[in-house]
Amino acid sequence: MTPKWWHDAVVYQIYPRSFCDSNNDGMGDLQGIIGKLDYLKKLGVNVIWLSPVYRSPMDDNGYDISDYQDIAPEFGTMEDMQQLLAEAKQRDIRIIMDLVVNHTSDEHPWFIESRKSKDNPYRDYYIWRQPKEDGSVPDDQGSVFGGGAWEFDETTGEYFYHIFSKRQPDLNWENPKVQEEVHKMINWWIDQGIGGFRLDVIDLIGKEIDKKITGNGPRLHQLIQEMNQATFGKKDLLTVGETWDATPEIAKLYSNPARNEFSMVFQFEHISLTWKYGDKWNPIDLDLPQFKRALTKWQVELAEEGWNSLFWNNHDLPRVVSKYGDVGRYRVESAKMLATTMHMMKGTPYVYQGEEIGMTNVAFDSIDDYRDIETLNFYKERTENGVAPETMLAAVHENSRDNARTPMHWDKTDNAGFSQAQPWIKVNPNYPEINVEAALEDQNSVFYHYQKLIELRKALPVIVYGDFEPVFEDHDKVFGYVRTDEQHRLFVLNNFTSEEVVLNIPVELQAANVECIISNYDYRQQIEETVTLKPYESFAVLLPA
Ligand code: NOJ
């Protein structure tokens, strides 16, 4: 495998509206991010993925873009963006932009033109269909945010297609002009000096609407290869596609360097296992053996070809310590255990803001305190269809995207030090206890554990490139694996429960003397025949060669 700079990189995702508010309007902004770069440098990350900061009516918090080449005034200006790039560069941090090109905002000039008339030059930038003979919608396709995917537009008497909200019309990738415009825009951003792109729902761009094929459409890989060739393929950038339906086979198509598509993709198998029948509003408990099989499969199948991304969290997902850890007595231990589990695997780790201090889900009492369009739409739809409001609110507490979107906790002052004004969404009330200031003062905090994991990745090639082999595969409480390269054998054990677990260690993993590189309890010096793991205990040891 030819080494790439992003193989040992660690990415930090910022959701700008919730990160840090420099001008006290209740909304995070670019100057707020600039003010925190030293904090990120201290953590040790070398890439920032910035959720969208482009001009937008904010129907979906910026994933509805009305101008790809300008910054939303609530976040700052293009000068602020240039300053952010320059200041990040001084600290050896690259910025990757969120590229949302499956759809635009309905306020994008292309769509404003497109809806004007059937013969407008921009008409075919979007997907329009005539009503059926009886005047009804072209077909029964649904949208991800609830309701149908077709919206009637009175001016021309036709329907346009939107897979997300009706204010996010899908671009028509069948139209070569759309392709050209997007390529031009990508190159413009590359010229600004960015480090790459996270490509929003990119598996939807090759769709065949009339056959109701949305994800993994027939033209998908050709379109990506053409994008690669016309834009980032010539540069040494990190590109990561968001691909909900990827299997390892599909992920290899995207991330095998010989195919010239992306550096890697995000797959979500380990996340959606706790959604009954793929429905996030129907949460179920984690089945650890099934979960381990999923992660192991990705590790093993992408070992020689392609590259994994490693993540627990992002702006669409609940906080991992609430999901797979313990937010009570073992919050710190379980947050560290989850971090070790993920960061000792092969791939590029992504840390979502607040994860590094063990931030938790929020449980607002009233649906009125939620802001996310998906949460609000589904709450309404399901309660109108007979689901009890308490049941739906419980599901929201579990899986709403707003769990990740409450303001970042900087300190114990008002609004968690995020802003001096009323934030756009309420702060999680546990901020006086869980915040950056407190974490930095405590040598045993989750923060320093992440810092250490990041340092280790830079120092030990076995973490970056070593082979992965599971141990205790069928165990229902422990996730263990061994990473091996020519120099090292790294043995990683993680207890996913609040119970003590006694394990019989295979002979080849026993050792009188080991170098423990990370632990959330005492550092072990040997691995004996039997190991007793404390609640949520986790460690990684280098075994003698
Ligand atoms: C995926 C993004 O992560 C999510 O936040 C957004 O709502 C949809 N794509 C639509 O852009």
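Residues numbered from 1 in each chain as written. Predicted model: local features only at pLDDT ≥ 70, side-chain atom pairs only at ≥ 80, totals over all residues. Heavy atoms only, no water.

(A) Main features of the overall build of the chain. Across its full length, the chain carries 17 helices and 20 strands. A compact globule built from 545 residues should have a C-alpha radius of gyration of about 24 Å, and the chain, at 23 Å, falls within 12% of that. Overall, the C-alpha framework of the chain stretches about 80 × 50 × 50 Å when taken along its three principal axes. Classification of the 545 residues of the chain by burial places 61% in the buried group. (Helix = DSSP H or I, 4+ residues; strand = E, 2+ residues; numbered from the N terminus. Rg over C-alpha atoms; globule rule 2.2 N^0.38 Å. Buried < 20%, exposed > 50% of the residue type's maximum accessible area, 1.4 Å probe, protein only.)

(B) Looking closely at the domain arrangement of the chain. Assigned domains of the chain: these are domain 1 (8-102 + 176-450), domain 2 (109-161) and domain 3 (466-543). Placing the centre of domain 1 and that of domain 3 at their C-alpha centroids yields a distance of 30 Å. Listed as interface residues are 25 residues of domain 1 and, on the opposing side, 29 residues of domain 3. Of all residues in domain 1, K292, M337 and M344 give up the largest surface area on contact with domain 3, accounting jointly for 29% of the area buried on that side. At the junction of domain 1 and domain 3, the tally comes to 10 residue pairs in polar contact (both at pLDDT 80 or more). Those elements that place two or more of their residues in the side of domain 1 that touches domain 3 are α9 (288-301) and α11 (331-343). Ranked by residues supplied to the side of domain 1 that touches domain 3, first place goes to α9 with 8 residues. Looking at the side of domain 1 that touches domain 3 residue by residue, the class counts come to 13 nonpolar, 7 polar and 5 charged. (Domains from an automatic or database assignment. Contact = heavy atoms within 4.5 Å. Buried area = accessible area lost by both parts, 1.4 Å probe. Polar contact = N/O pair within 3.5 Å; in protein donor to acceptor, adjacent residues only side chain to side chain. Nonpolar A, V, L, I, M, F, W, Y, C, P; charged D, E, K, R; others polar.)

(C) Focus on the site of the ligand. Around the ligand there are 13 residues in total, and D60, H103, D200, H315 and D316 lie nearest to it. The side chain of H103 places a nitrogen or oxygen atom 2.9 Å from an oxygen atom of the ligand. Look at the ligand: alone it shows 290 Å² of surface, and the protein chains cover 98% of it. Along the lines of polarity and charge, the residues of the shell around the ligand split into 4 nonpolar, 2 polar and 7 charged. (Near = heavy atom within 4 Å. Areas by Shrake-Rupley, 256 points an atom, 1.4 Å probe, with all protein chains shown as cover.)

(D) Fine view of the sheet that holds strand β2 (residues 47-50). Strand order in the open sheet made by the 8 strands is β11-β10-β9-β5-β2-β1-β13-β12, with parallel pairing throughout. Two strands bound the open sheet, and with one partner strand each, they are β11 (264-266) and β12 (309-310). Pairing between strand β1 (residues 11-14) and strand β13 (residues 348-352): 3 bridges, direction parallel. Bridge pairing in β13 places Q13 opposite Y352. On top of the sheet, helix α3 (residues 78-90) reaches β2 and β5 (94-99); it is set at about 140° to β5, its chief contact. (Pairing = 2+ DSSP bridges. Axes fitted to C-alpha atoms, helices over the stretch in contact; angles between N-to-C directions.)

(E) Broad picture of the UniProt feature "domain: Glycosyl hydrolase family 13 catalytic" (unreviewed entry) in the chain. Listed under "domain: Glycosyl hydrolase family 13 catalytic" (unreviewed entry) in the UniProt record, and renumbered for this structure, are residues 13-405. This span, residues 13-405, is 33% helix and 12% strand, and a straight line between its end C-alpha atoms measures 12 Å. (UniProt positions renumbered as here; feature names shortened; annotations may be inferred.)

(F) Structural detail: the sheet that holds strand β14 (residues 467-471). The strand order β14-β15-β16-β20-β18 describes an open sheet built from 5 strands, whose pairing is antiparallel. Among the strands making up the open sheet, the edge pair consists of β14 and β18 (515-519). With strand direction ignored, the average angle separating the axes of adjacent strands in the sheet is 20°. Judged from the 7 bridges that link them, strand β15 (residues 478-484) and strand β16 (residues 489-495) form a sheet pairing that is antiparallel. Residue pairing in the sheet places V482 in a bridge with F491 of β16. Where α9 meets the sheet, its contacts fall on β14 and β15, and the angle it forms with β15 comes to roughly 15°.

(G) Highlighting a negative patch on the surface. On the surface, E304, D467, E469, E473, D474 and E508 cluster together into a negatively charged patch. Among the secondary structure elements, D467 is positioned in strand β14. (Patch = residues over 30% accessible without salt bridge, like charges linked within 9 Å, V, L, I, M, F, W, Y side chains within 5 Å. Salt bridge = Lys/Arg side-chain N within 4 Å of Asp/Glu carboxyl O. Lys, Arg positive; Asp, Glu negative; His and termini not counted. Charge placed at Lys NZ, Arg CZ, Asp CG, Glu CD.)

(H) Expanded view of helix α5 (residues 176-191). With 16 residues, α5 extends 23 Å between its outermost C-alpha atoms, agreeing within 8% with the 22 Å of an ideal straight helix rising 1.5 Å per residue. Listing the buried residues of α5 in full gives V178, Q179, E181, V182, H183, M185, I186, W189 and I190. Its side-chain oxygen placed 2.9 Å from the backbone nitrogen of K177, N175 serves as the N-cap of α5. Of the residues one or two after α5, G193 is the one with positive phi, at around 95°. (Expected span 1.5 Å × (residues − 1).)

(I) View of the pattern of salt bridges. By the definition in use, this model includes 35 salt bridges. Between D98 and R198 there is a salt bridge, with its nearest N and O atoms 2.8 Å apart. Placement of D98 in strand β5 and of R198 in strand β9 (residues 196-199) is noted, with a sequence separation of 100 residues between them. The exposure classification of D98 matches that of R198, with both residues buried. A salt bridge links E174 to R219; the shortest N-O distance between them is 3.4 Å. Of the two residues, E174 is situated in the loop between β8 (158-161) and α5 and R219 in the loop between β9 and α6 (220-230); the sequence distance between them amounts to 45 residues.

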